[in-house]
Every structure is written in structure tokens, then in C-alpha cells.
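Here are the chains, one letter per residue:
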Amino acid sequence: MSRATLNSFYSSFNSKLEPEVRHHLKNVYACLSMSTMMAAGGAYVHLYTEMFQAGLLSVIAAIGFLFVLMATEDSDKNRKMRLGFLLGFAFFSGMGLGPLMEMAIDINPAIVVTALVSTTLIFVSFSIASLTAERGRWLFLGGSLMTLLTGLLVLSLANIFFGSQLVFKAYLYLGLLIMCGFVLYDTQLIIEKRRAGDRDFVAHSVDLFVDLIGIFRRIVIILSEKERQSKRKNSD
């Protein structure tokens, strides 16, 4: 990114957002960064230790930490504890990604690295687009995204019976598109929540973390499928 582009972004960022909103977003992205590192730690534990593996218990643990986080009131007194709940949720969520990453590594270890770089570029690009857009520009996406998400769930359930590769690809690419839309929507929603007086940056970071994980998961699957097809063609 050139110096002129950076200056343009910072100028737009500072002019469109109030100081308290900018400070809030810094806290949100700090929590998101810590969550991402904890998720990486969880995935590492699954991949390189035999004692702790992803499974039903890790899913229950992730849901439990998220439930306790949302059920605990946000206050200065509880903030460190809630941050701990967030990191616990992120760790077990990352552990849940372990089997998928293990499969991708077996196919081609480069898939994980490519997925990480692609996810970062996509997330940063859509975040910048949301942060520099006019106020509330992307909030209209909320209803449409939820409708598409419901349709995606129905499509997934239907494909259990049909087993169509075409439907599976549509599910993956539509899901990736929806997750990108949620980055736009959730970022602007966080800004508006802060303007309305909501200071809970720990909970706000959960939305972006879920978006980030959703993008990464789908890119790994897409790249894995492409690599499999390439290997089949080469072997024929």
C-alpha cells in the first residue's frame, strides 16, 4: 500500500469517525488480534499434540465460553474476566479448525498459508471499505444477509440428500460472499452501537472474529477441493 493511499485512508478514517469511536475500534481490533492468535494456538494444539484433540468437548467448551461471555455484564470490574472468556472461546474455536487444517495439510501444506494470506487480504479490504464508507451505507445488508444465511442452511441440509457437487460449490462460494458481506455490515454496526453508547468492545470483537473464521474456513475448503481436482486430472 503506497504512502498516498495510507494518507488517504487515515484522513478519511479521522474525518468520518469521532475520537471515541476510533478509540473503541482500536480496542475491538486489539481483541480481534488476540482472539486470532489464540485460535492459531488452538489449531496448533490439535495438529501437534496427541493429548488434546478437537471433538465434541471442544465444541461444547467453545459454546460454553461464548455463552458465559455474553451472559456476563460488561463493566470495568468484569472486563479482564470477559476478555478471558473471549480468549477461551477463540482457543477452542481454533481447535475446532484443526481437523480441517489437518486435511488441507495432507493434500498440500501450501493451502493453509495461501488461505491465511487470502483471508487477511479479504478481511482487511472489506474492513477498510466499511470504515471509509458513508455513515450507515452497508447497514441495509443486515436483512438480506440473514435471509441468505437461512437459505444457505437450507441448501446445506438439502444437499445431504442430493449429494450434488454443483450444490456444494454453490454453498461454498455463496457462503464466502455472505461472510464478506457480514464484514461490511458488522463493522458499521459496531460503529453505530458505539455512537449509541454501547462500549462493549469485547462482545463486538466476537462478531468480526466469527466473520474472519468463516472466511478462512471456506477458503481452505475451496482451495482443498481445487487441489484435489487438479491431482485427479494429473493422475488420469
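Residues numbered from 1 in each chain as written. Predicted model: local features only at pLDDT ≥ 70, side-chain atom pairs only at ≥ 80, totals over all residues. Heavy atoms only, no water.

Draft legend 1. Highlighting the packing of aromatic side chains. Scanning all chains against the criterion turns up 7 aromatic pairs. Summarising the aromatic geometry, the rings of Tyr44 and Tyr48 are spaced 4.8 Å apart at their centres and angled 40° between planes, so their arrangement reads as tilted. With a gap of 4 residues between them, Tyr44 and Tyr48 both fall in helix H2 (residues 19–48), about one helical turn apart. The pair Tyr44 / Tyr48 is uniform in exposure class, with both members exposed. Ring geometry for Phe65 and Phe85: centres 6.4 Å apart, planes at 45°, overall tilted. (Phe/Tyr/Trp six-rings, centres within 6.5 Å; stacked < 30°, edge-to-face > 60°. Helix = DSSP H or I, 4+ residues; strand = E, 2+ residues; numbered from the N terminus. Buried < 20%, exposed > 50% of the residue type's maximum accessible area, 1.4 Å probe, protein only.)

Draft legend 2. Seen up close, the nonpolar core. Residues Leu25, Phe209 and Val220 are the most contacted members of the largest nonpolar core, which totals 53 residues. For this core, the secondary structure elements donating two or more residues are H2, helix H3 (56–71), helix H4 (79–107), helix H5 (110–131), helix H6 (141–162), helix H7 (165–195) and helix H8 (201–235). Considering each element in turn, this core owes the most residues, 13 residues, to H8. Among all residues touching Val220, those that are not within four sequence positions of it are Leu100, Ala104, Ile111 and Ala115. (Core = buried A, V, L, I, M, F, W, Y, C linked by side-chain atoms within 4.5 Å. Contact = heavy atoms within 4.5 Å.)

Draft legend 3. Quick peek at H3. Here H3 contains 16 residues, and its C-alpha end-to-end distance of 22 Å stays within 8% of the 22 Å for a straight helix at 1.5 Å per residue. The set of residues buried in H3 consists of Ser58, Ala61, Ala62 and Leu69. Angularly, the buried residues of H3 cover 100° about the axis, an arc narrow enough to put them on a single face. Exposed positions of H3 whose direction lies more than 90 degrees from the buried face are Leu56, Leu57, Ile63, Phe67 and Ala71. Elements that come into contact with the buried residues of H3 comprise H4 and H8. (Expected span 1.5 Å × (residues − 1). Arc of directions from axis to C-beta.)

Draft legend 4. The pattern of salt bridges, seen in detail. All told, the structure shown has 8 salt bridges when counted by the stated rule. Close ionic contact of Arg195 with Glu18 constitutes a salt bridge, the shortest N to O distance being 3.1 Å. A residue pair is termed long-range when its members are at least 10 positions apart, and Arg195 in helix H7 and Glu18 in the loop between helix H1 (3–16) and H2 qualify at 177 residues. A salt bridge links Glu192 to Arg195, with the nearest nitrogen and oxygen atoms 2.8 Å apart. With Glu192 and Arg195 both in helix H7 and 3 residues apart, the pair spans about one turn of that helix. For Arg195, a relative accessible area of 25% translates into the label partly exposed. (Salt bridge = Lys/Arg side-chain N within 4 Å of Asp/Glu carboxyl O.)

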